[in-house]
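Below, each chain spelled out in residue letters.
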Amino acid sequence: VELAGVEPSPHMLKRARRRAAELGRKVELVEAPAEQLPFAHDSFDTVVSLTVLCTVSDAQRTLGEIRRVLRPGGRFVFLEHVRSDDAQLARRQDRWERPWGWIAGGCHPNRRTLDSIEAAGFEIDELDQDPLTAVPRLVQPHIKGWGRTPSG
C-alpha cells in the first residue's frame, strides 16, 4: 500500500511530515494546491478528502483533478460539511461566510458540496448526512460517503 498526501501550506506540511515520522508511516507528502495535483492520470485507486472542498479556491477544478488522478472505477471517499437545508441556518452560513473564512483558514460554510461532487461525474455509492455535535452549528450538516469514477 502506498500513501500520498497533498498540502498547500508549508507550515501544515511540516506538521504532517513530523506526524508521519512519529507514527512510523511512509507517506509521500507534497506541497501543492488541490486544484493542481502533481500526479499522473489514473495513478490512484482511492482519494480521500476530509473537509477539503470547503477551503479550496475552486471546488469544481479540485474535483476534476481528483477524477483525473483516479483510475477508472476508482473510489473517492469524503467527509465534508455542506450548506444546510434549513433555510435559517443557510442564511446564517451566507452571512458568516466571509468572517468565518478569515477565522477558519478560508472555509466556506455554505457550499453545496454534494451537488459539486455529483456534477463532477462521481457515482455516489454510499452517503450519510449527519449533524456532528462536536463542531460549530455553522458548519453543519456533514456528508460522509464514497463515490466512484465511471469504469473504463
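The shown structure was predicted, so the numbers you read here are calculated from the model rather than taken from an experiment.

Some remarks on the sheet that holds strand S6 (residues 142-148)
Piece 1. Spatial strand order, S3-S4-S6-S5: four strands in an open sheet with mixed pairing. A single partner strand is all that each edge strand has here, and the edge strands are strand S3 (44-50) and strand S5 (123-130). Within the sheet, the average angular offset between the axes of one strand and its neighbour, ignoring direction, is 10°.
Piece 2. Bridge count for S5 against S6 is seven bridges, and the pairing is antiparallel. Residue pairing in the sheet places Glu 126 in a bridge with Trp 146 of S6.
Piece 3. Most of the contacts of helix H2 (residues 59-69) go to strand S4 (residues 70-81), to which it runs at about 145°, and overall it touches S3 and S4.

Structural notes on the pairing of S3
Piece 1. Bridge analysis of S3 against S4 gives six bridges, and the strand direction is parallel. Its bridge partner being in S4, Phe 44 is matched across the sheet by Leu 70.
Piece 2. The β-α-β motif built from S3, the intervening H2 and the parallel element S4 has right-handed crossover chirality.

Digging into the nonpolar core
Piece 1. Core analysis: the largest hydrophobic core is formed by 18 residues, its most contacted members being Leu 63, Ile 66, Phe 76, Ile 117 and Phe 122.
Piece 2. Counting only elements with at least two residues in this core, the list comes to H2, S4 and helix H4 (113-119).
Piece 3. With residues near it in sequence (within four places) discarded, Ile 117 still touches Leu 53, Leu 63, Phe 76, Phe 78, Phe 122, Ile 124 and Ile 143.

Concerning the environment of Arg 148
Piece 1. Along the chain, Arg 148 falls in strand S6.
Piece 2. Sequence separation between Arg 148 and Asp 115 is 33 residues; the distance between their C-alpha atoms is 15 Å.
Piece 3. Side chain to side chain, Arg 148 and Glu 123 meet in a polar contact 2.6 Å long.

Let's talk about the state of the cysteines
Piece 1. Per the counting criterion, the structure on display carries zero disulfides.
Piece 2. Cys 54 carries a free sulfur, and the closest cysteine sulfur to it, the one in Cys 107, is 3.7 Å from it.
Piece 3. Given the relative accessible area of 3%, Cys 54 is considered buried.

Let's talk about the packing of aromatic side chains
In this description, an aromatic ring pair is defined by two values, namely the gap between the centres and the angle between the planes.
Piece 1. A full pass over the atoms with the stated rule returns three aromatic pairs.
Piece 2. Consider the rings of Phe 39 and Phe 44, whose centres lie 5.0 Å apart with planes at 90°: the pair is edge-to-face.
Piece 3. Accessibility expressed as a relative area gives 15% for Phe 39, which makes it buried.
Piece 4. Geometrically, the ring pair formed by Phe 76 and Phe 78 is tilted, given 5.5 Å between the ring centres and 45° between the ring planes. In terms of burial, Phe 76 and Phe 78 fall into one category: buried.
Piece 5. Taken together, the aromatic side chains of Phe 76, Phe 78 and Phe 122 make up a single cluster linked through ring pairs.
Piece 6. For Arg 75, the ring lying beneath its charged end belongs to Trp 146, and the centroid distance is 3.6 Å.

The rules behind each value
- By convention here, each chain's residues receive numbers from 1 onward along its written sequence.
- With pLDDT at 70 or above as the cut-off, local features in this predicted model cover only qualifying residues; side-chain atom pairs require 80 or more to be listed or tallied, and sums for whole chains, interfaces and linings still use all residues.
- To obtain the side-chain values, all non-hydrogen atoms of the structure were used and water was disregarded.
- Following DSSP output, two strands are said to pair if at least two bridges run between them.
- In DSSP terms, a helix is any run of H or I states spanning at least four residues, a strand is any run of E spanning at least two, and both are numbered starting from the N terminus.
- Axes here mean lines fitted to C-alpha atoms, for a helix over just the part in contact, with angles spanning 0 to 180 degrees between N-to-C directions.
- Residue contacts are counted whenever heavy atoms from the two residues lie within 4.5 Å of one another.
- The handedness of a crossover follows from its direction of travel: if, with the strands pointing away from the viewer, the path from the first strand over the helix to the second runs clockwise, the crossover is right-handed.
- As used in this record, nonpolar core signifies buried Ala, Val, Leu, Ile, Met, Phe, Trp, Tyr and Cys residues forming a set joined through side-chain atoms within 4.5 Å.
- Per-residue accessibility, obtained with a 1.4 Å probe over protein chains only, is compared with the maximum for each type, and a residue is labelled buried under 20%, exposed over 50%, and partly exposed between these values.
- We call two N or O atoms a polar contact when they sit within 3.5 Å, provided that within protein one can donate a hydrogen and the other can accept it, with sequence-adjacent residues counted only if both atoms are side-chain atoms.
- When two cysteine sulfur atoms lie within 2.5 Å, the pair is treated as a disulfide.
- Pairing of aromatic side chains requires ring centres within 6.5 Å, counting the rings of Phe and Tyr and the six-membered ring of Trp. Pairs whose planes differ by under 30 degrees are stacked, by over 60 edge-to-face, and all others tilted.
- Throughout this description, the term charge over a ring refers to an Arg CZ or Lys NZ atom that lies within 6 Å of the ring centre and within 35 degrees of the ring normal.

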